[in-house]
2 protein chains.
Amino acid sequence: MAKRIYFFDDPEPVGRELLGGKGAGLAEMTRIGLPVPYGFTVTTEVCREYYRLGGRLPDGLKEEVIQSMHKLEDKAGKKFGDPSNPLLISVRSGARVSMPGMMDTILNLGLNDETVLGLARLTNNERFAWDSYRRFITMFSDVVLGISKDEFEKVLDEVKEKEHVKYDAEVSAEGLKEVALKSKELVQKITGNPFPMDVWEQLFMAIEAVFRSWNNPRAILYRQLNNIPDDWGTAVNIVQMVFGNMGDDSGTGVAFTRNPATGEKELYGEYLTNAQGEDVVAGIRTPKPIKEMAQEWPNTYAELTHVAALLEKHFKDMQDMEFTVEKGKLYMLQTRSGKRTAQAAVTIAVDMVHEGLIDKETAVLRVSPEDVNHLLHKRIDPSAKGNPIAVGLAASPGAAVGTLVFSAEEAVAEASAGKSVILCRPETTPDDLHGMVAAQGILTTRGGMTSHAAVIARGMGKPAVTGTESLKLDLDNGVVTAPGGVTIKRGDVVTIDGGTGEVFLGALPLVEPEVSAHFEELLSWADEFRRLGVKANADTPEDAALARKFGAEGIGLTRTEHMFLGHERTQIVQDMILAETTEERMVPLQKLLELQRSDFIGILKAMDGLPVTIRLLDPPLHEFLPEPHEAAKELEQAKRNGAPAEEIERLERLYRRTVQFQEHNPMMGFRGCRLGIIYPEIYEMQIRAVAEAAVELKKQGYNPRFQIMHPLVGTEEEMKFLAEMTHKVVNEVLGNNGIELDYKVGTMVEVPRAALVAGDLAKYAEFFSFGTNDLTQLTFGYSRDDAEGKFLGAYVQKGILPEDPFISLDRNGVGRLVELGVTEGRATRPELEVGICGEHGGDPKSIEFCHQVGLDYVSASPYRVPLARLAAAQAALKEKRGEIFKDK
Amino acid sequence: MAKRIYFFDDPEPVGRELLGGKGAGLAEMTRIGLPVPYGFTVTTEVCREYYRLGGRLPDGLKEEVIQSMHKLEDKAGKKFGDPSNPLLISVRSGARVSMPGMMDTILNLGLNDETVLGLARLTNNERFAWDSYRRFITMFSDVVLGISKDEFEKVLDEVKEKEHVKYDAEVSAEGLKEVALKSKELVQKITGNPFPMDVWEQLFMAIEAVFRSWNNPRAILYRQLNNIPDDWGTAVNIVQMVFGNMGDDSGTGVAFTRNPATGEKELYGEYLTNAQGEDVVAGIRTPKPIKEMAQEWPNTYAELTHVAALLEKHFKDMQDMEFTVEKGKLYMLQTRSGKRTAQAAVTIAVDMVHEGLIDKETAVLRVSPEDVNHLLHKRIDPSAKGNPIAVGLAASPGAAVGTLVFSAEEAVAEASAGKSVILCRPETTPDDLHGMVAAQGILTTRGGMTSHAAVIARGMGKPAVTGTESLKLDLDNGVVTAPGGVTIKRGDVVTIDGGTGEVFLGALPLVEPEVSAHFEELLSWADEFRRLGVKANADTPEDAALARKFGAEGIGLTRTEHMFLGHERTQIVQDMILAETTEERMVPLQKLLELQRSDFIGILKAMDGLPVTIRLLDPPLHEFLPEPHEAAKELEQAKRNGAPAEEIERLERLYRRTVQFQEHNPMMGFRGCRLGIIYPEIYEMQIRAVAEAAVELKKQGYNPRFQIMHPLVGTEEEMKFLAEMTHKVVNEVLGNNGIELDYKVGTMVEVPRAALVAGDLAKYAEFFSFGTNDLTQLTFGYSRDDAEGKFLGAYVQKGILPEDPFISLDRNGVGRLVELGVTEGRATRPELEVGICGEHGGDPKSIEFCHQVGLDYVSASPYRVPLARLAAAQAALKEKRGEIFKDK
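This one's a predicted model, so the numbers in the text were calculated from it and none came from an experiment.

Caption draft 1: Region of interest: the packing of helix H5 (residues 126-145) of chain A against helix H6 (residues 149-163) of chain A. Residue and element names in this part refer to chain A. Orientation of H5 relative to H6, taken along the N-to-C sense of each, is 155°, at an axis distance of 9 Å. Comparing their axes, H6 and H5 come out roughly antiparallel. In this structure, H5 contributes Arg 134, Ile 137, Thr 138, Ser 141 and Asp 142 to the contact, and H6 contributes Lys 149, Phe 152 and Leu 156. Partitioned by chemical class, the residues of the contact of H5 with H6 number three nonpolar, two polar and three charged.

Caption draft 2: Looking closely at the pattern of salt bridges. Evaluation of the coordinates by the stated rule reveals 136 salt bridges over all chains. Close ionic contact of Glu 681 of chain A with Arg 585 of chain A constitutes a salt bridge, the shortest N to O distance being 2.5 Å. With Glu 681 of chain A in helix H26 (residues 680-699) and Arg 585 of chain A in helix H22 (residues 582-606), this residue pair connects regions lying 96 residues apart in the sequence. The same class applies to Glu 681 of chain A as to Arg 585 of chain A, namely buried. The partner of Arg 688 of chain B in a salt bridge is Glu 732 of chain B, and the shortest N-O contact between them spans 3.5 Å.

Caption draft 3: Main features of the packing of aromatic side chains. For the structure on display, the rule yields 46 aromatic pairs over all chains. Note on Phe 780 of chain A and Tyr 782 of chain A: the rings are 4.8 Å apart at their centroids and 25° apart in plane angle, and the pair reads as stacked. For the pair shown, Phe 780 of chain A and Tyr 782 of chain A are each scored as buried. Centroid distance Phe 550 of chain B to Tyr 863 of chain B: 5.7 Å. Interplanar angle 55°. Geometry classified as tilted. Pair noted here: Phe 550 of chain B is in the loop between helix H20 (541-549) and strand E25 (555-559) and Tyr 863 of chain B is in the loop between strand E31 (857-860) and helix H34 (865-880), with a separation of 313 residues, a long-range link. We note that Phe 550 of chain B, like Tyr 863 of chain B, is buried. Following the ring pairs from residue to residue traces out a cluster consisting of Phe 661, Phe 670 and Tyr 679 of chain A together with Phe 780, Tyr 782, Phe 791 and Tyr 795 of chain B. If you follow Lys 329 of chain A out to its NZ or CZ, it ends over the ring of Tyr 331 of chain A, 4.8 Å from the centre.

Caption draft 4: Structural detail: the sheet that holds strand E13 (residues 393-396) of chain B. Residues and elements named next belong to chain B. Taken in spatial order, the eight strands make up an open sheet running E12-E22-E21-E14-E15-E16-E17-E13, and their pairing is mixed. Of all strands in the sheet, those bounded by a partner on one side alone are strand E12 (390-391) and E13. Pairing geometry for strand E15 (residues 421-425) and strand E16 (residues 441-444), over four bridges, is parallel. Across the sheet, Ile 422 pairs through a bridge with Gly 441, a residue of E16. Across the sheet, helix H16 (residues 408-416) lies against strand E14 (399-405) and E15, angled at about 175° from E15, the strand it touches most.

Caption draft 5: Main features of a negative patch on the surface. All names here are of chain A. Side chains of Glu 409, Asp 431, Glu 623, Glu 627, Glu 630, Glu 634, Glu 646 and Glu 647 sit close together on the surface and give a patch of like negative charge. Elements supplying a minimum of two residues to the negative patch: helix H23 (628-640) and helix H24 (645-661). Following the sequence through the fold, Glu 647 ends up in helix H24.

Caption draft 6: Representation of the interface of chain A and chain B within the structure. At the junction of the two partners, chain A supplies 52 residues and chain B supplies 52 residues. For the chain A and chain B pair, buried surface summed over both sides reaches about 4,600 Å², with 57% attributable to carbon and sulfur atoms. In terms of surface lost to chain B, no three residues of chain A exceed Met 668, Arg 753 and Lys 790 of chain A, which account for 15% of the buried area on that side. Taken together, the connections running from chain A to chain B amount to four salt bridges. The partner of Arg 816 of chain A in a salt bridge is Glu 824 of chain B, and the shortest N-O contact between them spans 2.5 Å. Inspection of the chain A/chain B interface yields 30 residue pairs in polar contact (both at pLDDT 80 or more). Mapped onto the side of chain A that touches chain B, the elements with two or more residues apiece are H24, helix H25 (673-678), helix H27 (716-737), helix H28 (752-756), helix H30 (772-780), helix H31 (784-797) and helix H32 (811-828) of chain A.

Caption draft 7: Inspection of the environment of Val 465 of chain B at higher detail. Residues and elements named next belong to chain B. With respect to the helices and strands, the residue Val 465 is situated in strand E17 (residues 464-466). With a relative accessible area of 0%, Val 465 lands in the buried category. Along the backbone, Val 465 and Pro 483 are 18 residues apart, and their C-alpha atoms lie at a distance of 16 Å.

Caption draft 8: Structural context of the pairing of strand E15 (residues 421-425) of chain A. Residues and elements named next belong to chain A. Most of E15 is tucked away, with five of its five residues classed as buried. On E15, burial covers both faces: Val 421, Leu 423 and Arg 425 on one face and Ile 422 and Cys 424 on the other are all buried. Across three bridges, strand E14 (residues 399-405) lies against E15 in parallel orientation. From the neighbouring strand, Leu 404 faces E15, where its bridge partner is Ile 422. In the classification by handedness, the crossover that spans E14, the intervening helix H16 (residues 408-416) and the parallel E15 is right-handed.

Caption draft 9: Structural detail: unusual backbone geometry. All names here are of chain B. Despite not being glycine, Asn 274 shows a phi value in the positive range, around 50°. Here Asn 274 lies in the loop between strand E7 (268-273) and helix H10 (277-282). Looking at Asn 274, the relative accessible area reads 30%, which means it is partly exposed. For Leu 712, which is not glycine, the phi torsion reads 65° and is therefore positive.

Caption draft 10: Structural context of the relation of the copies chain A and chain B. Overlay of chain A on chain B (RMSD 0.2 Å): rotation 180°, translation along the axis 0.2 Å. Both chain copies can therefore be described as sitting about a two-fold axis. The C-alpha atom lying nearest the rotation axis in chain A is that of Asn 665 of chain A; the distance is 2.2 Å. Both copies share a contact surface, since 100% of the interface residues of chain A are interface residues in chain B too.

Caption draft 11: Quick peek at the packing of helix H6 (residues 149-162) of chain B against helix H7 (residues 173-191) of chain B. Residue and element names in this part refer to chain B. One way to put it is that H6 packs onto H7 with a least axis distance of 9 Å and a crossing angle of 145°. The handedness of the crossing between H6 and H7 comes out as right-handed. In this structure, H6 uses Glu 151, Phe 152, Val 155, Leu 156, Glu 158, Val 159 and Lys 162 to contact H7, whose residues at the interface are Gly 175, Glu 178, Val 179, Lys 182, Ser 183, Leu 186 and Val 187. Across the contact of H6 with H7, the residue classes tally to seven nonpolar, two polar and five charged.

Caption draft 12: Structural view of the UniProt feature "binding site: Mg(2+)" (unreviewed entry) in chain A. Residues and elements named next belong to chain A. In the numbering used here, UniProt assigns the "binding site: Mg(2+)" (unreviewed entry) feature to Glu 750 and Asp 774. Of the residues just listed, which span 25 residues, no C-alpha pair is farther apart than 5.4 Å, and they cluster in one region. As for its position among the elements, Glu 750 is in the loop between strand E28 (744-749) and H28. Judged by relative accessible area, Glu 750 falls into the buried class, the value being 2%. Among residues more than four places away in sequence, those in contact with Glu 750 are Asp 618, Arg 671, Pro 711, Leu 712, Gly 771, Asp 774, Leu 775 and Leu 778. A distance of 2.6 Å separates a polar side-chain atom of Glu 750 from the backbone nitrogen of Leu 712. Excluding anything up to four places from it in sequence, Asp 774 contacts Met 667, Arg 671, Leu 712 and Glu 750. Reaching out from Asp 774, the side chain makes a polar contact with the side chain of Arg 671 at a distance of 3.0 Å.

Caption draft 13: Molecular detail of the side chain of Gln 596 of chain B. One can find Gln 596 of chain B in helix H22 (residues 582-606). Not counting residues within four places of it along the chain, the set of residues in contact with Gln 596 of chain B comprises Thr 560, Met 563, Phe 564, Met 685, Gln 686 and Ala 689 of chain B.

Caption draft 14: Summary view of the pairing of E7 of chain B. Residue and element names in this part refer to chain B. Pairing geometry for strand E6 (residues 251-256) and E7, over six bridges, is antiparallel. The residue bridging Ala 255 from the neighbouring strand is Gly 269, located in E7. Taken together, the two bridges between E7 and strand E8 (residues 288-289) define a ladder with antiparallel strand orientation. Each residue of the ladder has a partner; that of Tyr 271, found in E8, is Lys 288.

Caption draft 15: View of the UniProt feature "domain: PEP-utilising enzyme C-terminal" (unreviewed entry) in chain A. Under the feature "domain: PEP-utilising enzyme C-terminal" (unreviewed entry), the UniProt entry names residues 516-875 of chain A. Its end C-alpha atoms 24 Å apart, residues 516-875 of chain A is made of 57% helix and 11% strand.

Caption draft 16: The sheet that holds strand E5 (residues 234-240) of chain B, seen in detail. Residues and elements named next belong to chain B. What the five strands build is an open sheet, ordered E1-E2-E5-E3-E4; its pairing is antiparallel. The sheet is open, and its two borders are formed by strand E1 (5-7) and strand E4 (105-109), each paired with just one other strand. Looking at each pair of strands side by side, their axes are set apart by 20° on average, direction ignored.

Thresholds applied
- Residues numbered from 1 in each chain as written.
- Chains lettered and ligands numbered in written order.
- Predicted model: local features only at pLDDT ≥ 70, side-chain atom pairs only at ≥ 80, totals over all residues.
- Heavy atoms only, no water.
- Axes fitted to C-alpha atoms, helices over the stretch in contact; angles between N-to-C directions.
- Helix = DSSP H or I, 4+ residues; strand = E, 2+ residues; numbered from the N terminus.
- Parallel < 35°, antiparallel > 145°, perpendicular 65-115°, else oblique.
- Contact = heavy atoms within 4.5 Å.
- Nonpolar A, V, L, I, M, F, W, Y, C, P; charged D, E, K, R; others polar.
- Salt bridge = Lys/Arg side-chain N within 4 Å of Asp/Glu carboxyl O.
- Buried < 20%, exposed > 50% of the residue type's maximum accessible area, 1.4 Å probe, protein only.
- Phe/Tyr/Trp six-rings, centres within 6.5 Å; stacked < 30°, edge-to-face > 60°.
- Lys NZ or Arg CZ within 6 Å of the ring centre and 35° of its normal.
- Pairing = 2+ DSSP bridges.
- Patch = residues over 30% accessible without salt bridge, like charges linked within 9 Å, V, L, I, M, F, W, Y side chains within 5 Å.
- Areas by Shrake-Rupley, 256 points an atom, 1.4 Å probe, with all protein chains shown as cover.
- Lys, Arg positive; Asp, Glu negative; His and termini not counted.
- Charge placed at Lys NZ, Arg CZ, Asp CG, Glu CD.
- Buried area = accessible area lost by both parts, 1.4 Å probe.
- Polar contact = N/O pair within 3.5 Å; in protein donor to acceptor, adjacent residues only side chain to side chain.
- Right-handed = clockwise from strand over helix to strand, strands pointing away.
- Least-squares fit on C-alpha atoms with pLDDT ≥ 70 in both.
- Left-handed = near helix turned anticlockwise from the far one by under 90°.
- UniProt positions renumbered as here; feature names shortened; annotations may be inferred.

As C-alpha cells, then:
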C-alpha cells in the first residue's frame, strides 16, 4: 500500500501531487534547514480515497495518524490532550495548486476545558489561553460543524458590550473565558450535542472536514474558473502550533521575496504583533509594513531576509511566505510561488536571468501571455478603484474615460470637438464603425465576447465592455439606468475597464501602459525559441505600423471592407451595387480603384519588405445598404417632397436592391468569393488596386510584398477561377509597367468544405489562412451573434462545452479540420504557406495548437502580437520539454 | 495508329464509344443481315483529334476517306461525282449517346450541276432529281456555310407563288430546278463564293461541319443538361443514299418495336410515302400511322415487323427505327433504344422478363428512378397541354387545378367550402402550413427547389411550382400579372404542373396516376436486390400509412414541430415560450403532452411493428412567435383599445420574447437540441409523450417500436446529456406501467462537428441519421434560402459546382463527412444503425452513394419511396457489375 503520511523531514522526495502545495513547501523548507514547526502531511491520495469510499476515512488511517501524532509528541516534548503539557496543532488544507481562501484551516486544535488550563499555566498567560480556546471553538464549529462564525461573533460582542470595550484585544481574560464557555453552550444548543472534549475526536473530525471542504461550492467554482481538475483532492497538514499571540515579542505576517506589484527586488509584506494568523486577514487591526520590522525586531528581520534569499535560491522563483514569531523566534509556516502583476512577472523573470537564478527558457515560460496583454493597455489606477455601477463582459482590455454618447454620429461630433467619448449602444454594427474610431471606449448592453463591438474593439486595441445587461438603455431619451436606479445621461462622464468589465460613474485616474526594457528583453528571448511566425491583422497604415512596432513579421489579414466605409465611400459602394449592368458598374469601380490603390500604398509602405495578406471583399452587399424599411421610408419621403425624378429613381433602385439582397442567414449567404465570382469586376478592381500600389512603391524604391487572399472558398473550381483571375490582372499590371514582383494568391479556409478538399484547393492556392472564426461557426453550426447571448454561456456552465470555442480553438472538431487541411494541402503543395487569422491567433492555448499542427504563423490583432510571440515561444519550449497540452 | 474508319461490315467488334450510337447501330444491323445501305463511320476519336489540332482534319484522313469512298463506289456500282452514274451519300453525325436533333445531317451529297442531270436521266425522274438537288443545297448551306434555311424557304415560296401552288409537292420539276439555281445564286451572293461543285470538297467540308456541330450552342446545352462529357465527340457516318422520294412505291418512316407511351407490344410509328427523311420531321405533310402500311404495302409491313422482332431479340430492348422504302425495297437507316414514358419503361421491362428476353436484374436496371417518380402523381393529359403563361421551377411533381388564393386563411376557407384551390404566395413559411395542407397545389414567385414551399410540398406529395419570377404578385389587390400582361385574379382557375414548372390559365384535364401490377412486380424484384433499407419521412398517421403502402420499412424522420402548429396548438406553444419559470412552463407543457401523446399514438399505430424515428423539437422558438413589429403593433392596439391588464401583460411578454428570440442567422441559432438542453422540460415532455403512446398501444396489443432522435447534436456532452434524459424518462414511464419495450436513442448528424466526433457521439447514440440538408448548408456555408436565389444557379451554370448540392449529395465534401461519421461511429459501436433523412434520401445518385458508404437505410418522402427502392436496387446491381459511379 502506498504511504499515506509523510513527515516534513521525510527523506523520500515526493511532490505537490501527493503533499499539496503547502505540505510540499513545508517539507522543502524543513529539508533546507529553515525554522519550520514540526508536523506531517496526509496525502491527497487519502482525500481521493475518502471520496471513493463515499465520504469516510480509509481503514487504518486513524491508527497511522495516531502513531504520527505520537512521533510529533516526542519531537515537541508535549502530549496531545495532556492538561499538564498539551500539544496543540493546526490542521490545514493544501491542494496541488494554491486555491487561496477556498478551503479550510483549524488552529489551536487540542484545546478543551482541561488543556486550556494547562496552556494558561504553562504560558503563564491566562488571557492568551482563553483567547486561543475561544478562537478554536469558533473555527472548529464553523469548519467542522457548519455553524456560522457570525453566531460566535455575537457572543463576543455581548461580552464586549458588557465590558464597555471596542476592540477584541481589549477584552479581559475573564471576558474571553466567558466567550469560550458561552460558545460551547451555543454549540450544544444548535447541534444538540456538547462540543467535543476528546482531542482525538477533534482531530479526526477536522481531517474529514478538510477533505469535505474540497467540495464546498466556492472551491468547486474556483476550480471551474481556473481549470483545476475536480479529482486532484486536497492534502491535510498537521503542524505543531506556534503562537504569535503570546505578547509583544510575538507576531505573525506574510512577506514576498520581491515586490509583487513592481517586481522590484526587496522584501515586501506586512505583519502584526501579538496576533494569530487570521487576524491579518480579518482586517480588524491594520498590519504594519514589513520594513518596520527592521526597527522593531532587527534580528528577526535579518533572519527573515536571509530566509527569503535562501528560498528564492532554492525555488528559483519569487516566494510568498507566511511566518509567525513566537517570543522572538521565527517560524516559517508556508512558502509558495507568489502571485504577481504582469509587470512584476516580467521584471522578476528577466532580473532572475541576469542574477543567474534561472535560464532564459524558464524566464519565457514563467510569464503568462494573458498577463502580457494587460501591459499594453491603460489601466485604472488600482488605488483609485471604487464600486462599479454595473459589470459587463471584459471584451477588450484597457480602461477609458469619456462623456457618454449614444450614436456614432454624436461620437464623431463630440470627438472632433476635442472631447473624449464613450460610445454606448445596444450593440454595434458596421455602420457604427466611424463612431467607434472616434470613441475612447465602447460600452454595449448586448452581445458577447465576440460580438461585433468586442471583435472590432480588440482589433483596434480599444477598451470595450459588452453585454452589460444590467444597464437599461433608453436611446430615445439618451439615458442609461443602472441597477439601484443610478441614471446616466448623455454627456455624463463614465470610466470603463475593459479588462474587468466594470463601469464606473465619473472620471477615474488612469495609468499609462508600460512597455519596459525588461519586457522588450523577454520578448527578444521568446523570439529565439519560437518556431511559429507572428503576423498581425491590420486594416490601416496606422495599425500596420503599430503591429510592426510590436514585432509583427507581416500582415496576416487586411480586411478590405473597412476601406469601403466612411460617408463618401459608402456612396460610391452603393452606386456600384445599384448598377444594373457591368458597364454601369465600371464608373463607381473606377473611383474605388483609385481610393483602394492609395489604401494599399499606405499599408504596403508601412510594412515595407514584409509580406501583407490582403483579403478581398467579404461581407454581404446588404451591409453597405440601409435596411429595407429605412430605404422605403426615404423613398416615400422623397416622393412626398417632390424630389427630382432622378433622385426618386435612385431611391427606387436602392429600395429594390435592399429587398433583393436581404438574407435569412447572412453569415452563409451571398458574400466572400461568391461576390467575386458573380461580379468578377469587383475583385478585379481590388486586385488591380493592390498590384498598381505595389508597382508604384517598387518604382519609388520600396519592397512591397503582397498576397491576395480570397475569402470563403469552398470548391476547387472557385479557387481555380479566382487564382486565374488574380494572375491575369496582376500580370497585366506588372507587364504594362515592365516590373517584376513576387506575390502569392491563396485563400481563407473558413468553410468546412475548404478543409475537406484542401488537397484540391492547394493546386491553385499558394497559401492557406485558417479563418477559425467562421470555421468554428460552421463546424458547430453556431451563429456567434446568436449563440453568445442565448445558449453558449449556459453550455459552458453546464459543462456541455469545456470553454467558449470562439475564444479557445476547439481541438476535436475545428482543430481536426485544421489538421486535415494542413496535411492534405501540403501533400499537394509541400511549400504551401499555412497560417491562422481568426481571433484564435491571439489566444495562447490556440497558439499552442497552431504550433503543434505545424502552422507557419499565427496572425493576431496588433495589441496581441507580443502575447502571441510569447505564447509561440512557450509552445516550442513545452514541446521540447514534452509538456505540451494534449486534448484527449 | 488506331483505325480511323470502320465499314458497317467490319468484322472487328468496336462499340459506340468509337462509332457513336448511329454508326454502331448500322454496323450491328449489317452484321445480323438486315437491309442497310452500305457505308462507313469516321470515329469519334477523329473528332477529338480534330479539336486537339485546333479545328483541322488530321493528316492523312482525307486519303483514307477517299479510299473508303472508292470501296463504297465498288459496292454500289456507282461513282462519286460521275454524271453518268453518280453515287450519292448522306453525311450524318452520331455521338455515343443519342442527342436527338442536336447535331447535323446532310443528305444527297454528291449532287452538282452535272450529276443532277445524271440522276434525272438514270431515274427517269427529273422532278425527283431537282428536288433532291435543291434539298441538298439548302441543307449543305445551312449546316456547312451557316446560311439560315429561311433564306432558301423564301426562294421556294417565290416559286410556289409564281406557280400558284400551296404545297411543296405540287411544285413542278421546272420550278424545283429554278429553286436550285436561285439557291446557288443566293449562296454566291451571301458568301461571295460559288456553291462548291467539287463533290470531294463537298464531302470534306461536310465532315468538318459535323465535327463542328459537336460544339454548337444547343449541343453544349444539351450535354450540360444531360451530364454528357464534353470530350466524347461525335462520329461521322457516310452512307449510300436510298430514296424515299422516288414515287408512290417509295417512302420513309420511323417505328418503335413497342408502344413508347404505354409499353404495349405492337409496332408503333408513322410513315410518309414519296418523301425524304426530313419531311416527316418538318410536319408539312401529316404522316400515316404505321398500321396503315399493312394495307398499303403488306409485304414491306411484314418485313418491317420481322426486322423489329429481330432487333429486339438482338438488342434486348425496345428499338426506335428509321427506315426508307425505295421502290418497294426496305432499307433500315438507324436503330437505337427507344425513348419511352415511365409507364412504358416499367411495362416493357417487366414484359421482357416474362418473354425471357432479359433477366430481372436487367429489368430493374432499365427503369429510371426519376421516371418512376412521375408514375405516382397526377399529370396533365398530354393531349390537352396548351401554352403556359409562366414557367417556374418544377419543385414538386404532379399537376393540380384550382382557384387561386393568396393566403393560407383563404385556402382553408375555400377548401372547407369544397373548392379546389391553388395557394399562391411570394414564398411560404411555417405559418402557411395549414393553407398548404388545404390547397391542391402551391405556386410561389420566389424560392428555389429546396425552398420551404418545395420541401414541404414534396413531403406532402403535393404539386408545387416555385420561384416563378416572371409572375408579378400584388398581394394587396389579389392580382397576379404574367408576362405579356395576362392578369389572374383571386378566384380565377389555374392549372400547375409541378413536374415541368408550367402554369396554365384555366382548368386542364388531369390524368390519374397508375400504379400498375407491372410496377408492383418490378419493385418486388428491386427489393430482392437491394441492400439498403428504405424508410419514409412522415409527420402524420396519413403520411405514415401512405409510406407503408409504398413499401416503406419504417419512418426515418417524424418532425414533431409540425405538430406544434395549428391555431389552438400555436397558442399553447406560445404560452410555453412566454413562461418565465420552469413551473409556469409546466401548465402548457402538460397540455402539449396530451396532444403529442395522441399524435404519436396515431403514427406508431399506423406503423405497427415497424420502427418509427421521432425527432424532437428542432426549429428556433421564434418560428412560433409573430415578428417583433407585428407583436408591437398588436400590443399598441390592445393598449389603445383599453384591453384588460392581463391581456396587455401577455402581449408585453410576447413582444419581449419576440425581440429576445430574434436571430441574425436562425439556421445556426438557438434551435435543435440546444433548446432541449437549456429547457429540458420541453424535450422531457416530448419523450414522455412518445413513451406513454407506446405503452398505451402495447397495452392494446400493438407492437410499437420508437426511436428518439435528437437534432443538431455537435458534442459528446450534448449526446450524453440527451441520452441520459431520454433513458430516464422512458424508463420511468415503462417502469410505472410495468411494461418492457425496445427503443433506441440517437441523433441527427447535421452539423459538421457531429461527423468529426462521431466516435464520441456513438458512445451514447444507438443510431445516426445524416441530416444532409443542414450538413450541406454548414459544410459549404450556404444558406439554402439565400443561395438558391442569389448565386447557386450561376455557380452551376459557370461550372463552379457540378450540380446543386442540395439536390445531389456532394461526395467530396459532405460525403467525406458522412463516410467519416459512419466509419468512426461504427468503430465505437459496431451495431450502430446509420441512415440518411435529408432530401438526398430520395435522390437516385445520392442513394447510390449511401449504398457505397454502407448506410443501413435511406429515408425519403412517402411519394419517393418506390423511387428509393428502385435506386437502392440499382446501386447494388451496379456494384455487383463494377459499374458503380465513382466521383474522382
